[in-house]
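Coordinate analysis (summary)
Chain by chain, the residues run as shown.
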Amino acid sequence: KNGFFTYDPGFMSTASCESKITFIDGGKGILLHRGYPIDQLAEHSDYLETCYLLLKGELPNAEQKQQFVQAVKDNSAVAPSIAKLIQSFPKEAHPMAVLCSAVAGLAAVYNDDTDIAKAEDRDTTAYRLIGQMPTLAAMTFKHLKGEDFVEPNKALDYAENYLNMTFGNSAASKVSPTLAKAMDRIFLLHADHEQNASTSTVRLSGSSGTNPFAAIAAGISTLWGPAHGGANEAVLNMLEEIGSVENIDTYVEKAKDKADPFRLMGFGHRVYKNFDPRAKVMKQAADEVLSELGLENDPLLAIAKKLEKIALEDEYFIQKKLYPNVDFYSGIIMKAIGIPTEMFTVIFATGRAVGWYAHWDEMVSQPYKIGRPRQRYTGYAKRDYPE
Ligand code: SDX
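Residues numbered from 1 in each chain as written. Predicted model: local features only at pLDDT ≥ 70, side-chain atom pairs only at ≥ 80, totals over all residues. Heavy atoms only, no water.

This brings us to the overall build of the chain. Tallying secondary structure elements over the chain gives 18 helices and three strands in all. Its C-alpha radius of gyration of 21 Å places the chain within 12% of the 21 Å reference for a compact globule of 387 residues. If one aligns the C-alpha atoms of the chain with their principal axes, the spans along those axes are about 65 × 60 × 60 Å. Within the span of the chain, comprising 387 residues, buried residues form 49% of the whole. Within the chain, residue pairs in contact and separated by at least 24 positions form 76% of the contacts whose partners lie at least 6 positions apart. For the chain, the accessible area works out to roughly 18800 Å², and carbon and sulfur atoms hold 52% of it. Measuring between centres, the 41 positive side-chain charges of the chain sit 5 Å from its 49 negative side-chain charges. (Helix = DSSP H or I, 4+ residues; strand = E, 2+ residues; numbered from the N terminus. Rg over C-alpha atoms; globule rule 2.2 N^0.38 Å. Buried < 20%, exposed > 50% of the residue type's maximum accessible area, 1.4 Å probe, protein only. Contact = heavy atoms within 4.5 Å. Areas by Shrake-Rupley, 256 points an atom, 1.4 Å probe, with all protein chains shown as cover. Lys, Arg positive; Asp, Glu negative; His and termini not counted. Charge placed at Lys NZ, Arg CZ, Asp CG, Glu CD.)

Our next topic: the site of the ligand. Not every one of the 24 residues close to the ligand is listed here, only the nearest: His193, Lys258, His269, Lys273 and Arg278. Lys258 is positioned such that a nitrogen or oxygen atom in its side chain is 2.6 Å from an oxygen atom of the ligand. Between the ligand and the protein, one listed contact pairs an oxygen atom with a side-chain N or O atom of His269 at 2.6 Å. Protein coverage of the free-state accessible area of the ligand, which is 1100 Å², stands at 80%. Of the residues in the shell around the ligand, the class split is nine nonpolar, seven polar and eight charged. (Near = heavy atom within 4 Å. Polar contact = N/O pair within 3.5 Å; in protein donor to acceptor, adjacent residues only side chain to side chain. Nonpolar A, V, L, I, M, F, W, Y, C, P; charged D, E, K, R; others polar.)

For the rest of this paragraph, the subject is the sheet that holds strand β1 (residues 22-25). With antiparallel pairing, the three strands of this open sheet are ordered in space as β1-β2-β3. Looking along the sheet, the strands with just one partner apiece sit at the ends: β1 and β3 (36-37). The pairing of β1 with strand β2 (residues 30-33) spans four bridges and is antiparallel. Bridging from a neighbouring strand, Thr22 pairs with His33 of β2. (Pairing = 2+ DSSP bridges.)

This part takes up the nonpolar core. Proteins that are soluble and globular tend to have nonpolar side chains buried together. Of all hydrophobic cores here, the largest spans 110 residues; its most connected members are Tyr47, Ile130, Leu136, Tyr162, Met183, Leu307 and Ile339. No other element matches the 13 residues that helix α18 (residues 344-364) contributes to this core. (Core = buried A, V, L, I, M, F, W, Y, C linked by side-chain atoms within 4.5 Å.)

Let us now look at the packing of aromatic side chains. Enumeration over the complete set of coordinates arrives at 13 aromatic pairs. Taking the centre distance of 5.7 Å and the plane angle of 80 degrees together, the rings of Tyr158 and Phe187 count as edge-to-face. Note that Tyr158 is positioned in helix α8 (residues 158-167) and Phe187 in helix α9 (residues 177-189), a separation of 29 residues in sequence. Judged by its relative accessible area of 0%, Phe187 falls in the buried class. Three or more aromatic residues joined by ring pairs make a cluster, and in this case those are Tyr47, Tyr158, Tyr162 and Phe187. (Phe/Tyr/Trp six-rings, centres within 6.5 Å; stacked < 30°, edge-to-face > 60°.)

On to the side chain of Glu308. Within the element layout of this structure, Glu308 appears in helix α15 (residues 299-313). Take Glu308: its relative accessible area is 11%, and that puts it in the buried class. Of note is the side chain of Glu308, whose polar atom sits 3.0 Å from the side chain of Lys283. In contact with Glu308, not counting residues within four places along its chain, are Phe267, Lys283, Pro324, Phe328 and Tyr329.

Glancing now at the packing of helix α7 (residues 119-145) against helix α11 (residues 212-223). In contact at an axis separation of 11 Å, α7 and α11 are set at 40 degrees when each is read in the N-to-C sense. With respect to α11, the element α7 is oriented oblique. The two elements α7 and α11 meet at a crossing, and its hand is right-handed. Taken together, the residues of α11 that come into contact with α7 (itself represented by Thr125, Arg128, Leu129 and Met133) are Pro212, Phe213, Ile216 and Ile220. (Axes fitted to C-alpha atoms, helices over the stretch in contact; angles between N-to-C directions. Parallel < 35°, antiparallel > 145°, perpendicular 65-115°, else oblique. Left-handed = near helix turned anticlockwise from the far one by under 90°.)

This is how it looks when you write it as structure tokens:
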């Protein structure tokens, strides 16, 4: 009605929450952020403008965008205590464990100067989160490489700054516009996705009134799993395990074997039973990055494209509605840029931080109750303790 969706009460009785942020139609492969289709945002917008849209509900004008970008830049430095926390972990630690601890640590750093009830304080928290996620991501990368941290550079755009903090002080630090644009699109395509497992975790955790950084850390924990955000790392490991185009058929048959829990990573989705609109944009970005880097003949890309072709034509996958999802091509881009596979989900978390925050902010900015998921009890009826 009047350009907005309304649902009958029956639907609401099963829905976990009401939101105006993102709409997904899994059957039609539609993804809208505040009404704007994801492919149009990927083509015309950038990550920080999309962050503003997700948080505020409207695209910013030039002045609003400039102020937002500056506020994020001004809040991109990480406290020394968090740097020490990161350095205290073994270099072999998984970067998602380090990131989760570091973001939870922000609740210790910013524990008394923001009031959840005040909109301006919630804006400050948003600037700190969006500003520091790429800095923390780069710090986890530098830590596992045993290299010194590179400070945020306010002269650079968001994605350029991330790449410079990651590869700075090395040959790869000459950030090319194509790589920076691809990195920005990776952040943008991961920004939000309605009530996925990690966002629902942030909402449920935040519904107790806890510190927002603590709620976001719970979201990071959930995203880590291979069934969710950990899939991009699992896709690359799977492509490397397949090893050559000749081996694909064996793996496709394995994926059909009911007795074998093997699943083709990067395929299937809880909601999209048609194509994932983000995968189409990600595939285009992969082609651009690999051709700029002269890697059109990258063997992993060849395996990925052949696997996708087979899966899209194979009767089993068509019947099961298994299409490439957002994670299928993102790993190929990140590997081409030089990011190690164990960092892929950290990049996903960096992009998704704004979505987690936007949903938390939407919830706490109006009257809310603590979440209490229901269960279907299938245990014993009442019985007495034996005499
Ligand atoms: C993300 O929710 C979100 O929005 C998440 C996300 C986001 O932006 O936040 O989009 C990000 O998490 C994308 C998904 C990344 N995960 C993967 O790529 C891992 C591989 N895919 C899966 O494990 C699986 O497809 C899920 C977890 C994504 C969905 O699992 P479901 O809900 O169990 O799939 P389903 O019920 O629709 O499965 C239907 C059938 C089943 O077979 P039957 O029991 O009917 O015989 O398809 C089979 C499944 O076994 N199947 C697969 C498969 N995925 C499902 N078979 C082989 N390979 C696969 N990848």
